[in-house]
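Given next are the chains, with one letter for each unit.
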Amino acid sequence: RIADLTNPILKPWAAEQMRKENDRVRAGKIPFTARERCWPGGVPAFNIYERDRPIYFVQTSKEIVLIEESNAEVRRIQMNVPHTKNPKPSWYGESVGRFEGDTLVVDTIGFNDKTYVDNYRTPHTTQLHAVERFRMINDGKSLEVKIWVEDPGAFNMPWTARSTWRRVKPGQLIEDYCEPNNDFYFGYDVAPLPIDNTPDF
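Numbers given to residues run from 1 along each chain, matching the order in which its sequence is written. Local features in this predicted model are restricted to residues of pLDDT 70 or higher, and side-chain atom pairs are both shown and tallied only at a pLDDT of 80 or more, whereas totals for entire chains, interfaces and linings draw on every residue. Working from all heavy atoms in the structure, the side-chain values ignore hydrogens and water.

Draft legend 1. Broad picture of the overall build of the chain. Within the chain one finds 2 helices and 8 strands. Taken from N to C terminus, the helices and strands of the chain fall in the order α-α-β-β-β-β-β-β-β-β. Burial classes follow relative accessibility: with a 1.4 Å probe on protein chains only, a residue under 20% of its type's maximum area counts as buried, one over 50% as exposed, and anything between as partly exposed. Out of the 201 residues in the chain, the part that is buried amounts to 44%. A contact between two residues is defined here by any heavy atoms of the two lying within 4.5 Å. In the chain, of all internal contacts separated by at least 6 residues, the share reaching a separation of at least 24 is 49%. For the area figures, the Shrake-Rupley method with a 1.4 Å probe applies, and any residue is considered shielded solely by the protein chains shown. Put simply, the chain shows about 11800 Å² of open surface, and 52% of that area lies on carbon and sulfur atoms. Here a strand is any run of E in DSSP of at least two residues, a helix any run of H or I of at least four, and the numbering for each starts at the N terminus.

Written as structure tokens, this is what we have:
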């Protein structure tokens, strides 16, 4: 994957960081994604890439939990509450949600700057703000998510994306964790896999 550096949305520092990644790929390095490094995918990447595994929605009156089967990643959306005053930066940020008719609207802030927004390793800052709008379409056979993103530290303007998922018959959530599978197959020399050499017993 080679990123398009002519995109006028990118701030100069972000384009330069991506140019370095492009150069690494041209030199023969593997263009890894966050999940290939056992890192959380972050937002909005949770919705727009690596959609070969199901996402489970678990809904209660106070919270919606999204569980992505790949690496058993979990996002929590607190329902019908405001954002906290100073959310602690985290991989998935602080998500609050509400329903507008048949649409689940999720507003997320409070990110760290360790994730990427896509498979091209587009960086962002802690100013990242994402609004996702989930709704069933195609007579309930598909789920559409429209995503609005702003980050004045990384992008010159807000941008949008859209993703559609096919509804499948619920199955058992398989155990698919990254940590037991962290062999060093591709010889990455950046973003190493997390490894703990301390015995568990």
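Draft legend 2. Structural detail: the pattern of salt bridges. The term salt bridge refers to a side-chain nitrogen of Lys or Arg lying within 4 Å of a carboxyl oxygen of Asp or Glu. Within this structure, the stated rule accounts for 10 salt bridges. With its nearest N and O atoms 3.3 Å apart, the salt bridge here joins Glu21 to Arg121. Taken together, the residues span a long stretch of sequence, with Glu21 in helix α1 (residues 12–26) and Arg121 in the loop between β5 (103–109) and β6 (129–137) at a distance of 100 residues. One exposure class covers both Glu21 and Arg121, and it is buried. Of the charged contacts in the structure, one is a salt bridge between Arg135 and Glu144, with a shortest N-O distance of 3.5 Å. By relative accessible area, Arg135 is classed as partly exposed at 31%.

Draft legend 3. Spatial organisation of the sheet that holds β5. If you walk across this open sheet you meet the 8 strands as β1-β2-β3-β4-β5-β6-β7-β8, and the pairing is mixed. The open sheet has two edge strands with one neighbour each: β1 (55–59) and β8 (159–166). Neighbour-to-neighbour, the strand axes of the sheet open up by a mean angle of 25°, direction not taken into account. The pairing criterion for strands is at least two bridges between them, as found by DSSP. With 5 bridges joining them, β5 and β6 adopt antiparallel strand pairing. Counterpart to Val105 in the pairing with β6 is Arg133. All axes are obtained by fitting lines to C-alpha atoms, using only the stretch in contact for helices, and the reported angles, taken between N-to-C directions, cover 0 to 180 degrees.

Draft legend 4. Here's a closer look at α1. Working rule for helices: expected span equals 1.5 Å times residues minus one. For α1, with 15 residues, the first-to-last C-alpha span of 21 Å sits near the 21 Å given by 1.5 Å per residue. For α1, the complete set of buried residues consists of Ala14, Ala15, Met18, Glu21, Asn22 and Val25. For α1, the angular spread of buried residues about the axis comes to 120°, placing them on one side. Note on α1: the residue one or two positions beyond its end, Gly28, has a positive phi of about 105°. By definition, the arc is the one covered by directions from the helix axis to the C-beta atoms.

Draft legend 5. Spatial organisation of the environment of Ser90. Looking at the secondary structure, you find Ser90 in the loop between β3 (73–79) and β4 (94–100). Residue classification places Ser90 among the partly exposed residues on the basis of a relative accessible area of 25%. A C-alpha to C-alpha distance of 9.3 Å links Ser90 and Thr126, two positions 36 residues apart in sequence. Look past the residues within four positions of Ser90 in its chain and what remains in contact with it is Gly110, Phe111 and Asn112. Within polar-contact distance, the side chain of Ser90 engages the backbone nitrogen of Gly93 at 3.0 Å. Definition of a polar contact: a pair of N or O atoms within 3.5 Å, with one able to donate and the other able to accept a hydrogen when the atoms are protein atoms, and with sequence-neighbouring residues admitted only if both atoms are side-chain atoms.

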